[in-house]
Amino acid sequence: MKTSWRALVAVALLAGFPGLVFLVVGGLAVTEYYFFQHSGLLAIKLGIVAVPVSFALLKALFSIERTRGGDLPGVPVTPDGQPGLWALVRELADAVGTRPPDAITLVSDVNAGVRERTGWLGLRVRRREMFIGAQLLAGLRHDQLRALLGHELAHYTNRDTRLAGLTYRGHRSVEKALAGLGGDGWFEGLVRKLFVLYAKLYFSVSAAVCRRQELAADAASARLAGTAAATSALREVEALDVAWKYYVDHYLLIGWHAGYLPDRPAGGFRSLLADAERAEQIDEIRRNLPEEEASRYDTHPPTPERIAALEALPEVPGRADGDRPASDVLRDADATLDAALFADLADEAAAKRRTDWDSLVDLGFRHAATKVATAFLAGRTLEDALALIDAGHASEFADPECRPPASAGPRARREFVVASVRENLSTMVAAALAEAGVAHWKLSWSGPAELVVDEPHGRELTAALDAAAAADPDTAPLRRLLATAGALPVPS
């Protein structure tokens, strides 16, 4: 495919950036020389403005050629280590008519991508690299993975990656120029306005080029894997991204503060995706993709627009074996994905102990409950807390934002804090029962972990907590329960 006129304009605008920089810097230098010949004071005043402006512009200019980006954290996979994945990538590269990448890295990002390390403003390619999110291998079907990787490899065929590198560095250089043009003076404002106008033109043209490239790569992915696989892959990436963020917040790091991480993070993610209730929620995301606010500077068309463009093309049938898991292309898939998912965690993660999911959830929730209990008890015992409740000081165990107004009467003050005291007392009691060995938190992929209390304490706990936290508290049932469970001393 021939390079579009927009691509040529984008490259021309990038090539024109040095000319604009040299024009401004050269003009400042000539003016400075002229002022120096006629008025030293004017030369000094101009220099105070011209030197930082020139430095910012030249610094941004020289950053265009630097393409040595840092390596992304991940797990490099070799042809010997992962022959199935490499065979698939090579097959797809051959199908789109391009050379396969020199390196493949599994990363902890719900995305896939390719890039070229280049020199001479993108004219010389030093190295091709592909990045594949471990979450995609854990959650996609084989035909969806085929579509996704085919899309990325198609960027090589039209040298999109080279132009992408150029446009990315152009974006960064113009952004650096704008960021460096500070100051409140009229001259700085004039120079900044000039580069803002140039940036808007460049960003608009280069983004339009990128959007056209994305649609062309989508069409290639449909030819390689089938229209249904290509469109469903776009939906699935959106759904997996939402699911992964939820998984990290509510499961993966649940034991972090207790000093633990799961020993099978990929298996946990697959369990979340397979849970019947979660699967229904994820399917809702697939069917109703989040609305995206489009901008002329976006480098990717909105996902619904990409799907509509694919569906408008002649339908390509799918492959017979496309419904098998994408992870089938990996050797020792669980261990490989586990390593990739943890690759971008902080160095502190290396010191965390690994444990199974059931233990992790119990340890994490127990640590959190103990922390809350410690804060509310403030050096007192649970027995002291119950005594304070009996004495009418239950509000000490309410959240600060739930403190009753000063004008409230005694009865109103007690009723105002009932719900908050009930919740915090429940947490303190749960921590005590867990410490006594008669309670634990049970993992659920469908919702929050459940506190399981050994019988007969479990069936008595709700009523005892309700009575202790009531406006007219009665802590006797809770005291008996805790004493029987070994969480309070047995009254003599």
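The notes below deal with the structure included here. This structure is a prediction, so every number in the text was calculated from the model and none was measured.

1. Some words on the pattern of salt bridges
A side chain with one charge can pair with a side chain of the opposite charge if their charged atoms come near.
For step 1, the next point in the chain: One pass over the structure, following the stated rule, counts 20 salt bridges.
For step 2, the next point in the chain: With a shortest N-O distance of 3.9 Å, R319 and D321 are connected by a salt bridge.
For step 3, the next point in the chain: The salt bridge partner of D321 is R324, with a shortest N-O separation of 3.8 Å.
For step 4, the next point in the chain: You can call D321 partly exposed: its relative accessible area is 33%.

2. Some details on the environment of W357
For step 1, the next point in the chain: Here W357 shows up in helix 13 (residues 357–377).
For step 2, the next point in the chain: According to the relative accessible area criterion, W357 is buried, its value standing at 10%.
For step 3, the next point in the chain: Considered as a pair, W357 and P262 are 95 residues apart in the sequence and their alpha carbons are 6.0 Å apart.
For step 4, the next point in the chain: Within the local environment of W357, its side chain forms a polar contact with the backbone oxygen of R264, the two atoms lying 3.0 Å apart.

3. Let's talk about the packing of helix 14 (residues 382–390) against helix 18 (residues 476–485)
For step 1, the next point in the chain: It is at 11 Å that the axes of helix 14 and helix 18 come closest, and there the two elements cross at 170°. In terms of axis orientation, helix 14 runs roughly antiparallel to helix 18. Contacts between helix 14 and helix 18 involve L382, E383, L386, A387 and D390 from the former and L478, R479 and L482 from the latter.
For step 2, the next point in the chain: When grouped by side-chain class, the residues that make up the contact of helix 14 with helix 18 number five nonpolar, no polar and three charged.

Conventions we followed
Residues numbered from 1 in each chain as written. Predicted model: local features only at pLDDT ≥ 70, side-chain atom pairs only at ≥ 80, totals over all residues. Heavy atoms only, no water. Salt bridge = Lys/Arg side-chain N within 4 Å of Asp/Glu carboxyl O. Buried < 20%, exposed > 50% of the residue type's maximum accessible area, 1.4 Å probe, protein only. Helix = DSSP H or I, 4+ residues; strand = E, 2+ residues; numbered from the N terminus. Polar contact = N/O pair within 3.5 Å; in protein donor to acceptor, adjacent residues only side chain to side chain. Axes fitted to C-alpha atoms, helices over the stretch in contact; angles between N-to-C directions. Parallel < 35°, antiparallel > 145°, perpendicular 65-115°, else oblique. Contact = heavy atoms within 4.5 Å. Nonpolar A, V, L, I, M, F, W, Y, C, P; charged D, E, K, R; others polar.

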